[in-house]
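Here's the letter readout for the chains.
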Amino acid sequence: MRRLILLAQALALLGTGMLVAPAAAAPPKAPVIAVLGGAGDGGRLDAMAHGARAAARAYDGARVEVFDDGGTEAGLAQALKRLKRARPVGVVAAPAGHLVEATWKAARSLRKTPVFLLAGVGPDLVRNRDNVWHLGPSPAMEAVQAADALLAPLAARRVAVVHEDTPHGVELATRFAASLSRLITLAGVEAWTTTSGPN
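So, a few notes on the structure that sits alongside this text. Since this is a predicted model, take the numbers as computed values, not measurements.

We now examine the sheet that holds strand 4 (residues 115–118). Read from one edge to the other, the open sheet built from 5 strands follows the order 2-1-3-4-5, with strand pairing classed as parallel. Looking at which strands have only one partner, the edges of the open sheet turn out to be strand 2 (63–68) and strand 5 (132–135). Strand-to-strand twist of the sheet, defined as the mean angle between neighbouring strand axes without regard to direction, takes the value 20°. Relative to strand 2, strand 1 (residues 32–37) is paired through 6 bridges, and the arrangement is parallel. Looking at strand 2, one finds that Gly 37 is bridged to Asp 68. In this fold helix 3 (residues 73–86) packs onto strand 1, strand 2 and strand 3 (90–94), with an angle of close to 160° to the strand it touches most, strand 2.

Rendered as structure tokens:
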């Protein structure tokens with residue numbers, strides 16, 4: 001229908017000798033899901049990116065961008081600058097142990113962007129503080145918090161789970177599926193083999 005209207009407008013303008021091509025509308029930008037962590041962390045960043053890509057397939061048109069913190073605070077600062085420019089709809093961050101506190105502070109600076117911090121021990125274990133969701137330290141706690149976050153603030157309706165192919169990963173995926181709201185459809189579950197060894 002829109003093409004017909006544009007064609008009719010063009011034909012009408014031809015008759016007046018004032019043919020002006022209508023400005024092309026810019027295609028909408030695809031939403032970004034950001035993955036933040038260190039590439040040198042035994043394949044964990046790759047596994048997270050793989051999981052985020054599986055989630056992006058369920059979220060029409062979303063794309064995944066990976067931000068490597070290089071395992072240093074300086075690298076984290078640079079990754080955060082690039083991440084802010086990308087304006088993600090959500091961030092999954094898995095810092096190395098020595099960067100947990102710095103990543104927590106950096107995540108809070110994103111204000112309205114939900115950030116899911118995957119860390120065994122966090123500097124502040126208060127759940128859903130500002131925009132940061134600390135997922136951990138046990139599989140049960142992590143699964144419940146992740147499932148809760150899908151309802152609010154994310155308002156997800158369809159999700160996929162990609163988990164490490166380890167006993168820990170299987171337990172986490174199982175508990176997560178059991179914790180999901182009936183309002184959310186579980187589109188699939190996939191095991192992902194990492195190079196980091198058992199968890």
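And the narrative resumes.
A separate point is the side chain of Thr 103. Position of Thr 103 relative to the elements: it lies in helix 4 (residues 100–108). Engagement of the side chain of Thr 103 in a polar contact is seen with the backbone oxygen of Leu 99, the distance being 2.7 Å. Sequence-distant contacts of Thr 103, that is, excluding residues within four places in its chain, are made with Leu 36, Leu 76, Ala 93, Pro 95 and Leu 117.

Within the secondary structure, Pro 31 is located in the loop between helix 1 (2–16) and strand 1. Here the alpha-carbon distance between Pro 31 and Pro 88, two residues 57 residues apart in the chain, equals 6.6 Å.

Quick look at helix 4 now. For helix 4, the set of buried residues is Val 100, Ala 102, Thr 103, Trp 104, Ala 106 and Ala 107. Buried residues belonging to helix 4 abut strand 1, helix 3, strand 3, strand 4 and strand 5.

Summed over the entire model, instances satisfying the criterion amount to 1 cavity of 30 Å³ or more. When its volume is computed, the largest cavity comes out at roughly 40 Å³. Leu 36, Leu 80, Val 91, Thr 103, Ala 106, Ala 107, Leu 110 and Val 115 are the residues that line the largest cavity. Among the elements that line the lining of the largest cavity, the one with the most residues is helix 4, at 3 residues. Of the residues contributing to the lining of the largest cavity, the split by class is 7 nonpolar, 1 polar and no charged.

A few words on the pattern of salt bridges. Under the criterion given, the structure shown has 3 salt bridges. When the shortest N-O distance is used, the salt bridge between Lys 105 and Glu 101 registers 3.6 Å. Separated by 4 residues within a single helix, Lys 105 and Glu 101 lie in helix 4, roughly one turn from each other. A salt bridge links Arg 175 to Glu 171; its shortest N-O distance comes to 3.0 Å. Of the two residues, Arg 175 and Glu 171 both sit in helix 6 (residues 167–179), 4 residues apart, roughly one turn of that helix. Overall, the relative accessible area of 37% leaves Arg 175 in the partly exposed class.

Quick notes on the rules
- Residues numbered from 1 in each chain as written.
- Predicted model: local features only at pLDDT ≥ 70, side-chain atom pairs only at ≥ 80, totals over all residues.
- Heavy atoms only, no water.
- Pairing = 2+ DSSP bridges.
- Helix = DSSP H or I, 4+ residues; strand = E, 2+ residues; numbered from the N terminus.
- Axes fitted to C-alpha atoms, helices over the stretch in contact; angles between N-to-C directions.
- Contact = heavy atoms within 4.5 Å.
- Polar contact = N/O pair within 3.5 Å; in protein donor to acceptor, adjacent residues only side chain to side chain.
- Buried < 20%, exposed > 50% of the residue type's maximum accessible area, 1.4 Å probe, protein only.
- 1 Å grid on protein atoms, 1.4 Å probe; cavity = no way out; pocket = protein on both sides within 12 Å on 5 of 7 lines; lining within 4 Å.
- Points joined across faces, edges and corners; volume = space filled by probe spheres on them.
- Nonpolar A, V, L, I, M, F, W, Y, C, P; charged D, E, K, R; others polar.
- Salt bridge = Lys/Arg side-chain N within 4 Å of Asp/Glu carboxyl O.

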